[in-house]
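# Chains, contacts and geometry: an overview
Single-letter residue listing:
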Amino acid sequence: VQLQASGGGLVQAGGSLRLSCTGSGRTFSGYVMGWFRQAPGKEREFVALIVWNGGSTYYADSVKGRFTIARDNAKNTVYLQMNSLKPEDTAVYYCAAGQTRATMKTYKYDYWGQGTQVTVSS
């Protein structure tokens with residue numbers, strides 16, 4: 001069972017990136033899917049999540065209005081569209097899947113991707 005994150009890179013402030021996370025080895029259609037990030041020297045923090053059918057989404061206050069999470073269960077993939085990026089968004093971004101209610105708690109997630117680096121220059 002694996003989650004593969006991609007789409008990170010270097011972008012100027014104000015720019016956009018779209019992250020993807022594709023699952024293999026099992027279907028994640030019944031799972032809550034989340035995105036988290038970790039900057040150097042900081043703890044991993046919640047960014048966004050989407051429930052199994054896409055009916056509800058939740059965002060950290062710091063990204064609300066700029067980031068959009070979506071999923072395509074047919075492709076076993078979750079996306080994070082990031083607009084109006086700021087230097088403080090610089091971090092390694094991780095996708096995660098959990099058989100849980102919607103939660104920001106990292107320990108509730110069962111599977112994690114390897115992370116993809118996002119760097120926003122000022």
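See the structure above.
We now turn to the structure provided with this report. (Residues numbered from 1 in each chain as written. Predicted model: local features only at pLDDT ≥ 70, side-chain atom pairs only at ≥ 80, totals over all residues. Heavy atoms only, no water.)

### Quick word on unusual backbone geometry
Here is the rule: For every residue, the accessible area (1.4 Å probe, protein chains only) is compared with the maximum for its type, and the residue is labelled buried under 20%, exposed over 50%, or partly exposed between those bounds. The way it works is that DSSP assigns letters per residue, a run of H or I at least four long becomes a helix, a run of E at least two long becomes a strand, and they are numbered from the N terminus.
Positioned with a positive phi, N76 is a non-glycine residue whose angle comes to about 55°. The exposure class assigned to N76 is buried, which follows from its relative accessible area of 16%. Of note, the phi angle at S84 is positive, near 50°, even though the residue is not glycine. Position of S84 among the secondary structure elements: in the loop between β8 (77-82) and β9 (91-98).

### Comments concerning the packing of aromatic side chains
For clarity, the cut-off: Think of it this way: a Phe, Tyr or Trp ring, Trp meaning its six-membered ring, pairs with another when their centres are within 6.5 Å, and the plane angle makes it stacked under 30 degrees, edge-to-face over 60, tilted otherwise. To sit over a ring, a charge needs its Lys NZ or Arg CZ within 6 Å of the ring centre and within 35 degrees of the ring normal.
Evaluation of the coordinates by the stated rule reveals seven aromatic pairs. Aromatic pair F36 and W112: ring centres 5.0 Å apart, planes at 55°, arrangement tilted. Taken together, the positions of F36 in strand β4 (residues 32-38) and W112 in strand β10 (residues 111-112) put the pair 76 residues apart, joining distant regions of the chain. F36 gets classed as buried once you look at its relative accessible area, which sits at 0%. We classify W112 as partly exposed; its relative accessible area is 27%. An aromatic cluster of three or more residues is present, and its members are F36, F46, Y109 and W112. Its end group placed over the ring of Y94, R44 keeps NZ or CZ at 3.7 Å from the ring centre.

### A word on the sheet that holds strand β7 (residues 67-72)
Strand pairing in a sheet takes place through backbone hydrogen bonds and is either antiparallel or parallel in direction. Test applied: Two strands make a pair as long as DSSP finds a minimum of two bridges between them. Lines are fitted to the C-alpha atoms to define the axes, a helix being fitted only along its stretch in contact, and any angle between axes, read from their N-to-C directions, falls within 0 to 180 degrees.
Taken together, four strands build an open sheet; the order of strands is β1-β3-β8-β7 and the sheet is antiparallel. A single partner strand is all that each edge strand has here, and the edge strands are β1 (2-6) and β7. Sheet twist, expressed as the average angle between the axes of neighbouring strands with direction ignored, equals 15°. Where β1 and strand β3 (residues 17-24) come together, five bridges link them in antiparallel fashion. Its bridge partner lying in β3, Q4 is registered against T22.

### As for the nonpolar core
The nonpolar side chains of a soluble globular protein tend to be buried, and buried together. Defined as follows: Among buried residues, the Ala, Val, Leu, Ile, Met, Phe, Trp, Tyr and Cys ones that are joined through side-chain atoms within 4.5 Å form a nonpolar core. Contact between two residues is taken to exist if any of their heavy atoms lie within 4.5 Å; hydrogens are not considered.
Membership of the largest hydrophobic core comes to 35 residues, with the highest contact counts inside it found for W35, L80, M82 and Y93. Looking at this core, the elements that each hand over two or more residues are β1, β3, β4, β5 (45-50), β7, β8, β9 and β11 (116-121). Dropping the residues within four chain positions of it, Y93 is found in contact with L19, W35, F36, R37, V47, F67, L80, M82, G115, T116 and V118.

### Re the environment of G25
Mapped onto the secondary structure, G25 falls in the loop between β3 and β4. With 94 residues separating them in the primary sequence, G25 and T119 have C-alpha atoms 30 Å apart.

### Concerning the environment of S121
By the element assignment, S121 lies in strand β11. Each C-alpha atom, one on S121 and one on G15, is 9.7 Å from the other, the two residues being 106 residues apart in sequence. The contact partners of S121, leaving out residues within four places of it in the chain, are L10, V11, Q12 and A13.

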